[in-house]
Amino acid sequence: MEDKMEESSDRREMRRSKKGGLITMPFIIGNESLEKVAGYAVVPNMILYLIKDYHMSVAKGTNILFYWQAATNFTPILAAFVADSYLGRFLIIGFASICSLLGMILLWLTAMVPESKPPTCDLLTQRCRSPTAAQMSLLISSFVLISIGAGGVRPCSLAFGADQLDQRDNPKNDRVLESFFGWYYASAAISVLIALTGIVYIQDHLGYRVGFGVSAILMLLSVLLFFIASPLYLKLNPSKSLLTGFMQVMVVAYKNRNLTFPLPDSTGSYHHRRDSNIVAPTHKLRFLNKACIIKNPGQDIASDGSASNPWSLCAVEQVEELKALIKVLPLWSTGIIMSINLSQNSFPVLQASSMDRHLTTKFQIPAGSYGMFNIISLALWVILYDRAILPMASKLKGKPVRFSVKLRMGIGLFLTCLAMAVSAIVENARRRKAIREGFLNNPHAVLNMSALWLVPQFCLNGLAEAFTAIGQTEFFYSELPKSMSSIAAALFGLGLAVANLLASVVVSIIDDITSRGGKECWVSSNINKGRIDSYYWVLTILSVINLLYYFVCAWAYGPCGDQPTKLTRARNGLRKEELANLGTKEMKGKA
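Residues numbered from 1 in each chain as written. Predicted model: local features only at pLDDT ≥ 70, side-chain atom pairs only at ≥ 80, totals over all residues. Heavy atoms only, no water.

Chemist: Before we go on, may I ask you to explain the overall build of the protein in this structure?
Modeler: Helix and strand counts for the protein come out as 20 helices and 2 strands. A burial count over the protein gives 54% of its 591 residues as buried. Contacts in the protein between residues at least 24 apart in sequence constitute 82% of all its contacts with a sequence separation of at least 6. Split by element, the accessible area of the protein, about 27,300 Å² in all, is 65% carbon and sulfur. (Helix = DSSP H or I, 4+ residues; strand = E, 2+ residues; numbered from the N terminus. Buried < 20%, exposed > 50% of the residue type's maximum accessible area, 1.4 Å probe, protein only. Contact = heavy atoms within 4.5 Å. Areas by Shrake-Rupley, 256 points an atom, 1.4 Å probe, with all protein chains shown as cover.)

Chemist: Explain the environment of Thr540 to me, please; I cannot follow it from the model alone.
Modeler: On the secondary structure map, Thr540 appears in helix α18 (residues 532–557). Sequence separation between Thr540 and Ala421 is 119 residues, and the spatial gap between their C-alpha atoms is 5.8 Å. Aside from chain neighbours lying at most four places away, what touches Thr540 is Cys417, Met420 and Ala421.

Chemist: What exactly am I supposed to notice about helix α16 (residues 455–479) here?
Modeler: Three- or four-residue spacings in an α-helix give side chains the same orientation, since the helix completes a turn every 3.6 residues. With 25 residues, α16 should reach 36 Å at 1.5 Å per residue; the first-to-last C-alpha distance of 35 Å fits that figure. In α16, a bend of some 25° at Glu465 exceeds every other bend along the element. (Expected span 1.5 Å × (residues − 1). Bend = angle between axes of the 7 residues up to and from the residue.)

Chemist: Where do I start with the environment of Ile92 in this structure?
Modeler: Along the polypeptide, Ile92 turns up in helix α5 (residues 89–112). It is 8.6 Å that separates the C-alpha atoms of Ile92 and Ala80, two residues lying 12 residues apart in sequence. Filtering out sequence-adjacent residues up to four positions away, Ile92 remains in contact with Ala79, Val82, Ala83, Leu87, Gly152 and Cys156.

Chemist: Where do I start with helix α4 (residues 58–87) in this structure?
Modeler: Helix length check: α4, at 30 residues, gives a terminal C-alpha distance of 41 Å against a target of 44 Å (1.5 Å per residue), a fit within 8%. Counting buried positions along α4 gives 22 out of 30 residues, so the element sits mostly inside the fold.

Now the structure itself:
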């Protein structure tokens, strides 16, 4: 009987080992790519849609879009917790894909059904009706569903794809994951590029009815593509509730705050899981270690080796997971200012609308498509870095070469400072030209100035994102335990969410301060009267301060994935032999 059970277990393990791998990549990346094409395509022209069809001011429309982007970037962290703790990544991606499809259909209905938005403005009286509560509810509902969809697909898809390839016992695993992350972002960048060119072009020339309809069809294909490959996926089940585990550690550490720490060479003082050889936590954030101190073995430990009450005693592994998350938060926070810079989508669209966008006498680039230069520069850098720069550097040095994640993140933050400075300079030149040509009171006039002047700032932002966004994602995935993979993938998105909220706060503050005394505010609906260039200079100053803050955080963090032994210690706690060595050294020091 036991032999049959072992044989059945072996067969299940063999079936499990045959799942996953490269064969699943087209379906996972295809689902993510189509979702990005559909989702990103509706964003660039949305400010124009809100102004023209919903009769909103620039400030109000911009703030709504900031809140929408914040929701889109905040939902990933919630989806990641649910995926890692309860439902698993497969179910979350499937549910989120369906939500996104429903959101696209509702948005398409706002363009198809005349009663779903305010009537056109009266040309004689120049009066425009505001949208009713029901009309706004339909619009906001579509935004919410699209945010839920994007929030579930994007972080979990990245982690789900890594699950199919990740083999941490493989010495080349780090290189495989680095290549996967790079190419994943490149494919996502190409998807966004298609959205910003093809779909936005359709919106401009065939209208929102066709444009939003195409996005809905693409999202339908995304759903079908993901579910059709369900039998091929390696679906890892969530092992525990991470959020509950974090709360338990904080509660128990506070309860045990008056306990004294055991001696360094004492064994059995800390509670650890039975199948783990980690017997003691690390010494960083030492106050949390009190959560896993065994006070009374007879009462605290159950017969199966687990804690009798998890709200009175935690495992070493729980403590180290929370430590790992807390430890990366300062470096995570350094990406927020860059994310604020990247979220400036509305103002560049308004700038491009007032400039000459013709490439030939018959063809002009849509105002919402200039963000494609951001994506092009990101994708080109990823390809050159992976296929040209690293191989060439390795060949010259005669050994494998990798740029550390800290170096890449720092370069990206420096580039975003340059991007904002260039943005301010170009806008100042555009505004002065508009005034010279007599268009101070006509924000809809097209200047005799090429919109290609906006390209350098987009390229610099694209390179900044390539360095910092990819670097941060790899950093989180490498530094956090595998049980927190979805959270690792969602952390950068959480930074974007915080950035969108802060960006809205910055716009509101600047709008309030600069409009006092009846003055024209910097973010005026008339961009020729406003001072968007001064707004960009504020972001430049904040970016420089943030770069200095990053240097401090990077120094304080210490070594990361570049030194595997230290990484393992920081992520997994102290093993038996390390504890013994540490105890010997401390005893010698006392002697």
